[in-house]
Amino acid sequence: PNATMALSSFDIDAPRWDQTTFVGRLKHFFNITDPLTALLPDARLDQAKALVESCRAGSVPPGTTEEQLHYAKKLYDSAFHPDTGDRMNLIGRMSFQVPGGMAITGFMLQFYRTVPAVVFWQWVNQSFNALVNYTNRNAASPITPKQIGVAYITATSTALATAVGLNLYTKKAPPLVARWVPFVAVAAANCVNIPMMRQQEILNGIAVTDENGNKLGHSTKAAVKGISQVVVSRITMAAPGMIILPIIMQRLEKFRFMQRITFLHGPIQVMMVGVFLVFMVPAACSLFPQRCSIAVSKLEPELRDSIRSKYGDAVQLVYFNKGL
């Protein structure tokens, strides 16, 4: 009974690791981007959600251990949206980034020689990205189906124009340069896809709060800061696999045994991208704190003045969820 008594006051939302340090965030994201959680049935995830909610309400079922609560929170964080509490679609979850990303990136790196293959795999990748960006948006800023459509078409066109344009341009370049085209296309598309998918936040501002979560208003400056950080994270996530792997494959393909098994080159690249992503997905998500902050002095004049008039100098920083 004593253990259960202690658990009834257990704060399940307190970060398990210090989120102000990179290492703390890395442990947190290794935990919630664990690809194995993507294999669990919805019923198991709903059970975890029920346990998290009963713990928040202060009524932990008898016999529950602290480890079970931590695991329930891990499943909850990996599968439910932080703003709405709704179960996210499987493909859009960060825990699906490794299996989904390794398959698509592996094939993009393998089929980079012909224009139809480039077009097809860049389109698949942008469709996947659009879904991930939509799923992990800051849900306090709703987006209309029309805006989603425009964002998707713009990002896909950017990726295709970059990939096809560079593909034709690199015909005379060294072979390795052509292998790097998919990365440049992905990076360019990320710079378009994420801001477009989250244009509501840029146009109307993102909700900002004080240290204790009290809402202070909406800021477009905060939105731009948060979204820029997400763009940097996404490009960082893709970079090692898409820059280093082509160099490795270029070397490997010179060996006779590799020339005998050309049909395995695709699967080999997919597996190697997987190895990179297992580390890079959590590392890229950890680059910046999820709960982002910005100085009141850097906010728009109206919002800054309204905060100053209400709180004086008591509030120096405002906080917001930058999304992933």
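Residues numbered from 1 in each chain as written. Predicted model: local features only at pLDDT ≥ 70, side-chain atom pairs only at ≥ 80, totals over all residues. Heavy atoms only, no water.

Caption draft 1: Highlighting the packing of helix α9 (residues 181-197) against helix α11 (residues 220-252). Running from N to C, α9 and α11 point in directions that differ by 165°, and their axes come no closer than 9 Å. For the element pair α9 / α11, the angle class is roughly antiparallel. With respect to the hand of their crossing, α9 and α11 are arranged in right-handed fashion. Contacts between α9 and α11 pair P182, F183, V186, A187, N190, C191, I194 and P195 from the former with I227, V230, V231, R234, I235, A238, A239, M242 and I243 from the latter. Taken together, the residues of the contact of α9 with α11 break down into 15 nonpolar, one polar and one charged. (Axes fitted to C-alpha atoms, helices over the stretch in contact; angles between N-to-C directions. Helix = DSSP H or I, 4+ residues; strand = E, 2+ residues; numbered from the N terminus. Parallel < 35°, antiparallel > 145°, perpendicular 65-115°, else oblique. Left-handed = near helix turned anticlockwise from the far one by under 90°. Contact = heavy atoms within 4.5 Å. Nonpolar A, V, L, I, M, F, W, Y, C, P; charged D, E, K, R; others polar.)

Caption draft 2: Layout of the UniProt feature "transmembrane region" (unreviewed entry) in the protein chain. Under the UniProt annotation, "transmembrane region" (unreviewed entry) lies at residues 231-249 and 270-289. What you have in residues 231-249 is 100% helix and 0% strand, and the ends, taken at the C-alpha atoms, are 27 Å apart. (UniProt positions renumbered as here; feature names shortened; annotations may be inferred.)

Caption draft 3: Here's a closer look at the packing of aromatic side chains. Inspection of the entire model under this criterion finds eight aromatic pairs. Through successive ring pairs, a cluster of aromatic residues spans F107, F111, F120, W121 and W123. (Phe/Tyr/Trp six-rings, centres within 6.5 Å; stacked < 30°, edge-to-face > 60°.)

Caption draft 4: Main features of α9. For α9, built from 17 residues, the straight-helix expectation of 24 Å at 1.5 Å per residue is met to within 8% by its first-to-last C-alpha distance of 24 Å. Buried residues of α9: V181, P182, F183, A185, V186, A187, A189, N190, N193, I194 and M197, and no others. Those residues of α9 hidden inside the fold are in contact with α5 (97-110), α6 (115-135), α7 (145-169), α8 (175-179), α10 (199-204) and α11. (Expected span 1.5 Å × (residues − 1). Buried < 20%, exposed > 50% of the residue type's maximum accessible area, 1.4 Å probe, protein only.)

Caption draft 5: Highlighting the layout of surface pockets. Its boundaries defined by the atoms lining it, the largest pocket holds a volume of some 1300 Å³. Around the largest pocket sit 46 residues that line it, and H28, K73, P82, Q290 and R291 are the ones nearest its centre. Of all the secondary-structure elements, those providing two or more residues to the lining of the largest pocket are α2 (22-32), α4 (66-79), β1 (206-209) and β4 (317-321). In terms of residues, the lining of the largest pocket owes the most to one element, α4, which gives seven residues. Two domains each donate at least three residues to the lining of the largest pocket, and these are domain 1 (1-87) and domain 2 (94-289). (1 Å grid on protein atoms, 1.4 Å probe; cavity = no way out; pocket = protein on both sides within 12 Å on 5 of 7 lines; lining within 4 Å. Points joined across faces, edges and corners; volume = space filled by probe spheres on them. Domains from an automatic or database assignment.)

Caption draft 6: Spatial organisation of the environment of I143. Position of I143 relative to the elements: it lies in the loop between α6 and α7. Along the chain, I143 and M197 lie 54 residues apart, while their C-alpha atoms are 7.9 Å from each other. Discounting chain neighbours no more than four positions away, the residues touching I143 are Y134, R137, I148, M196, M197 and Q200.

Caption draft 7: Just the pattern of salt bridges, in detail. One pass over the structure, following the stated rule, counts twelve salt bridges. Among the salt bridges present, the one from E67 reaches R16, with a minimum N-O distance of 3.8 Å. Separated by 51 residues along the polypeptide, E67 in helix α4 and R16 in the loop between α1 (2-8) and α2 bring together distant segments of the chain. Residue classification places E67 among the exposed residues on the basis of a relative accessible area of 51%. D305 is the partner of R304 in a salt bridge, and the nearest nitrogen-oxygen pair spans 3.9 Å. Linked by salt bridges that have partners in common, D13, R56, K73 and D77 make up one network. (Salt bridge = Lys/Arg side-chain N within 4 Å of Asp/Glu carboxyl O.)

Caption draft 8: Fine view of the nonpolar core. By size, the foremost hydrophobic cluster in this structure holds 29 residues, and its most contacted members are M242, L277 and C285. Those elements giving two or more residues to this core turn out to be α2, α5, α6, α9, α11 and α13 (265-285). Those residues in contact with M242 that sit more than four places away from it in its chain are T105, M108, L109, W180, P182, F183 and V186. (Core = buried A, V, L, I, M, F, W, Y, C linked by side-chain atoms within 4.5 Å.)

Caption draft 9: Up close: α4. Relative to the 20 Å expected for 14 residues at 1.5 Å per residue, α4 spans 20 Å between its end C-alpha atoms, a close match to the ideal helical length. L69, H70, A72, K73, K74, L75, Y76, S78 and A79 are the residues of α4 that are buried.

Caption draft 10: Focus on the side chain of Q110. Secondary-structure assignment places Q110 in helix α5. With residues near it in sequence (within four places) discarded, Q110 still touches H265, G266 and Q269.

Caption draft 11: Representation of the domain arrangement of the protein chain within the structure. Looking at the protein chain, the domain boundaries give domain 1 (1-87) and domain 2 (94-289). One C-alpha centre belongs to domain 1, the other to domain 2, and the line joining them spans 29 Å. Both sides together, the interface formed by domain 1 and domain 2 hides about 1300 Å², and carbon and sulfur atoms give 67% of it. When residues of domain 1 are sorted by the area they lose upon contact with domain 2, R25, F30 and T33 head the list and together hold 35% of the total. For the interface between domain 1 and domain 2, the tally reads zero salt bridges. (Buried area = accessible area lost by both parts, 1.4 Å probe.)

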